Amino acid sequence: MRPASELMTPDRLAAIQPSRVSASRALMNQAVRERWKIECTRFEIDDRARGTALYIVDTGNYRFSFPVYSFEPSPEGRTGRIIGRAWDMMGALIEGEITSEDLETTRRELPKLYEGRATPGTLTWCRSNRSARFFDFALDALASGRQPDVAPLGKTCYLMRNTGLDGNGTFGTRTFLTLEADHPLRWSLSAQMLSAYMMRVFAEDLLNHLARLRSPQAVSMAPELARYLGVGNGSALGLMLFVNNHPRLIDRWIFIREEALAHAKMLVPQPDGNEVNDLIALLRKAIRFRREDRVVYEAFTKSDIVADNLEIALREAEELRSRYARREAVTALPFAELCETLQGRIHDEALETLHSLLIELVPEVADRLVQTLIVDEEPTLRPEMTVRRLRDIVRNDYAWAFNLDLVSERSQRYVWYKSQTAEEPRRGPREEVGDVVNLGLDLPRLIVRLDADLSTADPAMSVARFLLANPSHRAIVTRVQALAGLPYHSVHSDIMSEDFVPAHITRLLNVGIHGIDKARDFLNRNLRGVLFHGAPTAHDLANGDGDTQWFYPAEPAI
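Residues numbered from 1 in each chain as written. Predicted model: local features only at pLDDT ≥ 70, side-chain atom pairs only at ≥ 80, totals over all residues. Heavy atoms only, no water.

Asker: Give a detailed account of the overall build of the protein chain, specifying residues and quantitative values.
Answerer: Looking only at helices and strands, the protein chain features 22 helices and 11 strands. Its C-alpha atoms give the protein chain a radius of gyration of 25 Å, within 12% of the compact-globule value 24 Å for 558 residues. Dimensions of the protein chain, computed from the C-alpha atoms along their principal axes, are close to 85 × 70 × 45 Å. In the protein chain, which comprises 558 residues, the proportion classed as buried is 55%. Taking the intrachain contacts of the protein chain between residues at least 6 apart in sequence as the baseline, contacts between residues at least 24 apart amount to 75%. Carbon and sulfur atoms make up 48% of the accessible area of the protein chain, which totals about 23200 Å². In the protein chain, 69 side chains carry a positive charge and 77 a negative one; their mean positions are 1 Å apart. (Helix = DSSP H or I, 4+ residues; strand = E, 2+ residues; numbered from the N terminus. Rg over C-alpha atoms; globule rule 2.2 N^0.38 Å. Buried < 20%, exposed > 50% of the residue type's maximum accessible area, 1.4 Å probe, protein only. Contact = heavy atoms within 4.5 Å. Areas by Shrake-Rupley, 256 points an atom, 1.4 Å probe, with all protein chains shown as cover. Lys, Arg positive; Asp, Glu negative; His and termini not counted. Charge placed at Lys NZ, Arg CZ, Asp CG, Glu CD.)

Asker: Please provide a residue-by-residue account of the side chain of His209, values included.
Answerer: Within the secondary structure, His209 is located in helix α7 (residues 190–214). When residues no more than four places from it in sequence are discounted, the contact partners of His209 are Phe43, Ile45 and Asp46.

Asker: Go over the packing of helix α10 (residues 247–265) against helix α14 (residues 348–359), please, and point to the residues and values.
Answerer: Look at α10 against α14: their axes get within 8 Å of each other, and the N-to-C directions meet at 75 degrees. Here α14 runs roughly perpendicular to α10, going by the angle between their axes. Along the contact surface, α10 presents Arg257, Ala260, Leu261, Ala264 and Lys265, while α14 presents Glu352, His355, Ser356, Leu358 and Ile359. The residue inventory of the contact of α10 with α14, partitioned by class, reads five nonpolar, two polar and three charged. (Axes fitted to C-alpha atoms, helices over the stretch in contact; angles between N-to-C directions. Parallel < 35°, antiparallel > 145°, perpendicular 65-115°, else oblique. Nonpolar A, V, L, I, M, F, W, Y, C, P; charged D, E, K, R; others polar.)

Asker: Tell me what's going on with the packing of aromatic side chains, and back it up with residues and numbers.
Answerer: Applying the stated criterion across every chain, the model contains eight aromatic pairs. Pairing Phe551 with Tyr552 gives two aromatic rings, centres 5.3 Å apart and planes at 85 degrees, and the pair type is edge-to-face. On the basis of relative accessible area, Phe551 is assigned to the buried category, the value being 1%. Connected via pairs of aromatic rings, a cluster forms that spans Tyr114, Trp125 and Phe171. Here the basic side chain of Arg130 rests over the ring of Phe135, its NZ or CZ set 4.3 Å away from the ring centre. The cationic tip of Arg427 hangs over the ring face of Tyr414; the distance from NZ or CZ to the ring centre is 3.9 Å. (Phe/Tyr/Trp six-rings, centres within 6.5 Å; stacked < 30°, edge-to-face > 60°. Lys NZ or Arg CZ within 6 Å of the ring centre and 35° of its normal.)

Asker: Give a description of the pattern of salt bridges that names residues and reports values.
Answerer: Considering all chains together, one arrives at 41 salt bridges under this definition. Close ionic contact of Glu349 with Arg507 constitutes a salt bridge, the shortest N to O distance being 2.9 Å. With Glu349 in helix α14 and Arg507 in helix α21 (residues 502–513), this residue pair connects regions lying 158 residues apart in the sequence. Of the two residues, Glu349 and Arg507, neither departs from the other in class, the shared state being buried. Between Arg413 and Glu431 there is a salt bridge, with its nearest N and O atoms 4.0 Å apart. Here Arg413, found in the loop between α16 (387–397) and β8 (414–418), pairs with Glu431, found in helix α17 (residues 430–433); they are 18 residues apart in sequence, far enough to count as distant. The exposure class assigned to Arg413 is partly exposed, which follows from its relative accessible area of 26%. Each of Arg2, Arg12, Arg257, Glu258, Asp348 and Glu352 takes part in one network of salt bridges that share partners. (Salt bridge = Lys/Arg side-chain N within 4 Å of Asp/Glu carboxyl O.)

Asker: Describe the sheet that holds strand β2 (residues 51–58), and please don't skip the residues or the numbers.
Answerer: With respect to topology, nine strands assemble into an open sheet ordered β1-β2-β3-β4-β5-β6-β7-β11-β10, the strand pairing being mixed. Only two strands of the sheet have a single neighbouring strand rather than two, namely β1 (37–45) and β10 (517–522). Neighbouring strand axes in the sheet, compared pairwise and without regard to direction, differ in orientation by 25 degrees on average. With three bridges joining them, strand β6 (residues 158–167) and strand β7 (residues 230–235) adopt parallel strand pairing. Across the sheet, the residue bridging to Asn162 is Asn233, located in β7. (Pairing = 2+ DSSP bridges.)

On their own, these measurements won't tell you what the molecule is for.
Here you go:
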């Protein structure tokens, strides 16, 4: 497994690509394996998209309700940000079959957001908006009796975009640590991902329904196009605060990805090199996906460059296959050697794509590790620890912090604050923002200040007595103790510095952890991309037609 010093820099974290352990892919693969069934039991929506729909998700041992409250699109109060007060769709993921009373209570409470309260058994609240231009483009085509042209849709690859997924206690939703041991959504982010998938299901059903209401000659969207289109997702600076506030989750996810990758690198192919053939097929699929990508990227690496670099990896893999075909001697761990020989020769995004594809060669290992993503994030202070031991942890686990420039004007230029107008996290120059509460975790400076005071204290003193004399260190001491020994919990960077690029960390969450494809950046802050791009439809799941290697879809020819 790679050391934190190599992996935890912002630019390296930003290069991590979706894999089998990313939340959306893991959720979808679980649904495929277990043949989940999704049934629409109510669809009372008029030709202006106003009304109610209800879906039941049957996982085999659990049933969930997903009520949808649909609205006519309106520009008034509509925004993808948290201050929005109008959405095209609102929904909730609720355990069991929802009662008529809870259906109406949820209808009433959902629009209130932070002033509202979820009904018992609610796991998430969610909301989304149509991609108006592309939704209407597809609707016009289907209503006229033909399939829409794929090329325009390929610029976003979704009809509806998530604007909010909330759970784990928010609005009175059920806390995930209270879920039963056999609960199918017990691992972190799985309930949110199922809610996002249901947005996609509803978007397709709504599109087909409105087309039929508009014209008797309407056709339904082709299955291959329905699979190709996912659900959009937009994220901004708030994810930096999520990373600060959920260090154990970040550590656990990166750890299981590294563990799965280590298993893949240790894999010894069969004498006929069959696993090498599987990797070659996956590389070709990834290259085609990148070549067909129509998204325009501003700061992130363009897809054609990643494809060019993946061609280098493909040639190396084909040479390895040739050695197997000629029955020549190969190294004991050919996949580990492949990665090592490509390190520094190909772009980091291409190398991380290769890593994700290698994980597909050990699916049972990866799927098992996902089920361990059940994380108790409550930090606990250990007052009996000695100052000597605490300082050893600080100097060992945070050695990177002592190598940063923390005193220059450039390094202290920015502050993180909450916008009064948008109610969202912002990052701005100190001289422009004025006197605000800094919401960002100034981790390296907290560490350096703590170490300075520890250095003057009696090494045999207890942490309890140290904190009595230095109460301002209580929060950082608790964090250091709670995360001791975990390798991947914190980004090795100064987030106050002018050199720090917030989009790098947003991309880690969106792309690596959530599994978003085609993430494009705006102003080095905001990202938009697509979830479930190529995923099986609800019909595929019910019929057992789903494929766990659904990712990197080819553009459908219709």
